[in-house]
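One letter stands for each residue in the lines below.
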Amino acid sequence: RFVVPTTLVVDELSPEVELIHGYPPGTASPTTELVLSHKHPDDYQHVAATLDDVRRHHQAFSTRHRIIDTAGRIHHVIVVADKVADAGGEIVGTHGFYVDVTPAEDHHQEQMTATIAEIAENRATIEQAKGMLMIVYGIDAEAAFDLLRWRSQEANIKLRVLADRVVADFLHLTQTVTAPGRSAYDNLLLTADQRIRDGHAG
């Protein structure tokens, strides 16, 4: 988890994000410069452009890129973030979630699609949603639940209701799009609460 105000100065890193970057929890100085210094050289411009776009437009975003930790190890990460508003509705920053997907780099989209369909048939709703997130992002059950719970808390939507929406959206995507990319799943996860409030069935 991380927090970025609209000034685009990183002012909070969770212990998990510190660990991904190679720092013991509580030891990293949460600055934009520190975070950017760990971006892979080939991905730096892409990430910098994304952050600049967020600063100018104050919108939700997702990005997939590589970071290099303090030991020189390369991590493939997905960053999913949403807007933060104050009591008056003014956008004051961005609050996001890092997912380290390094172990999942060799997974094929076709396998992902088949597995999601199988999960949808054999598990209870929250477990279905967790399983789908595990497959899409290559994470373990605990991280998948944390990601689902984060979206639930940020959107002020009950976890079971959000899980229902995520399961339906992900399954619909796999049935209508051949080998959808992760960005499609990112978008569905970030906007699930909007469809719940709008009462959309699909």
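These numbers come from a predicted model, not from an experiment.

Describe the confidence of the model for the chain, listing the residues and the values that go with them.
When the pLDDT values of the chain are averaged, the result is 78; 77% of them are 70 or greater. When mean pLDDT is compared element by element in the chain, helix 7 (residues 159–176) scores highest at 90, while strand 1 (residues 2–5) scores lowest at 43. A low-confidence stretch, residues 1–9 stays under pLDDT 50, and its non-local contacts, those more than four residues away or across chains, total 41 contacts.

How would you sum up the environment of Phe97? Please name residues and give values.
As for its placement among the helices and strands, Phe97 is situated in strand 5 (residues 91–100). The class of Phe97 is buried, set by a relative accessible area of 13%. The sequence separation of Phe97 and Leu147 amounts to 50 residues, and the corresponding C-alpha distance is 7.3 Å.

For the pattern of salt bridges, give the residues involved together with the corresponding values.
Scanning the model with the defined rule gives nine salt bridges in all. Here Asp146 and Arg149 are joined by a salt bridge, their closest N and O atoms 2.8 Å apart. One end of the pair, Asp146, and the other, Arg149, are both in helix 6 (residues 141–155), three residues apart, so they sit about a helical turn from each other. Linking Asp193 and Arg151 is a salt bridge whose minimum nitrogen-to-oxygen distance equals 3.3 Å. Note that Asp193 is positioned in helix 8 (residues 182–198) and Arg151 in helix 6, a separation of 42 residues in sequence. Accessibility assignment for this pair places Asp193 and Arg151 in one class, buried. Residues joined by salt bridges that share partners form a network here, namely Arg151, Asp193 and Arg197.

Before we move on, could you go through helix 3 (residues 44–57) and cite the residues and values that matter?
Taking 1.5 Å as the rise per residue, helix 3 with 14 residues should run 20 Å; its terminal C-alpha atoms sit 20 Å apart, in good agreement. Looking only at helix 3, the buried set comprises Val47, Thr50, Leu51 and Val54. Buried residues along helix 3 cover an arc of 95° about the axis, so they all sit on one side.

Go over helix 6, please, and point to the residues and values.
With 15 residues, helix 6 extends 21 Å between its outermost C-alpha atoms, agreeing within 8% with the 21 Å of an ideal straight helix rising 1.5 Å per residue. Those residues of helix 6 not exposed but buried are Ala144, Leu147, Leu148, Trp150, Arg151, Ser152 and Ala155. Two to three positions downstream of the cap, the backbone nitrogen of Glu142 sits 3.3 Å from a side-chain oxygen, assigning the N-cap of helix 6 to Asp140. Asn156 sits one or two positions beyond helix 6 and adopts a positive phi of about 55°.

For the packing of helix 5 (residues 125–137) against helix 7, give the residues involved together with the corresponding values.
Packing of helix 5 against helix 7 leaves a shortest axis separation of 8 Å and a crossing angle of 50°. Of the possible angle classes, the one that applies to helix 5 and helix 7 is oblique. Every pair of crossing elements has a handedness; the one defined by helix 5 and helix 7 is left-handed. Residue-level contacts link Thr125, Ile126, Gln128, Ala129, Met132, Leu133 and Val136 of helix 5 to Leu159, Arg160, Ala163, Asp164, Val166, Val167 and Phe170 of helix 7. Residues of the contact of helix 5 with helix 7, tallied by class, amount to ten nonpolar, two polar and two charged.

Can you explain the nonpolar core? Please cite residues and give values.
Counting residues in each nonpolar core, the largest one holds 28 residues, and the members touching the most others are Val99, Leu133, Tyr137, Leu147, Leu148, Val166 and Phe170. The element that contributes the greatest number of residues to this core is helix 7, accounting for six residues. Apart from the residues within four sequence positions on either side, Val99 is in contact with His76, Val77, Ile78, Tyr137, Ile139 and Leu147.

Kindly report on the packing of aromatic side chains, identifying the contributing residues and their values.
Taken as a whole, this structure holds one aromatic pair when the rule is applied. Arranged with centres 4.9 Å apart and planes meeting at 65°, the rings of Phe170 and Tyr185 form a pair that is edge-to-face. Taken as a pair, Phe170 in helix 7 and Tyr185 in helix 8 lie far apart in primary sequence, 15 residues in all. Residue classification places Phe170 among the buried residues on the basis of a relative accessible area of 0%. Residue Tyr185 is classed as buried on the basis of its relative accessible area of 0%. Seen from the ring of Trp150, Arg151 lies directly overhead, with NZ or CZ sitting 5.2 Å from the centre.

Reading the values: the criteria
- Residues numbered from 1 in each chain as written.
- Predicted model: local features only at pLDDT ≥ 70, side-chain atom pairs only at ≥ 80, totals over all residues.
- Heavy atoms only, no water.
- pLDDT = per-residue confidence, 0-100.
- Helix = DSSP H or I, 4+ residues; strand = E, 2+ residues; numbered from the N terminus.
- Contact = heavy atoms within 4.5 Å.
- Buried < 20%, exposed > 50% of the residue type's maximum accessible area, 1.4 Å probe, protein only.
- Salt bridge = Lys/Arg side-chain N within 4 Å of Asp/Glu carboxyl O.
- Expected span 1.5 Å × (residues − 1).
- Arc of directions from axis to C-beta.
- Polar contact = N/O pair within 3.5 Å; in protein donor to acceptor, adjacent residues only side chain to side chain.
- Axes fitted to C-alpha atoms, helices over the stretch in contact; angles between N-to-C directions.
- Parallel < 35°, antiparallel > 145°, perpendicular 65-115°, else oblique.
- Left-handed = near helix turned anticlockwise from the far one by under 90°.
- Nonpolar A, V, L, I, M, F, W, Y, C, P; charged D, E, K, R; others polar.
- Core = buried A, V, L, I, M, F, W, Y, C linked by side-chain atoms within 4.5 Å.
- Phe/Tyr/Trp six-rings, centres within 6.5 Å; stacked < 30°, edge-to-face > 60°.
- Lys NZ or Arg CZ within 6 Å of the ring centre and 35° of its normal.

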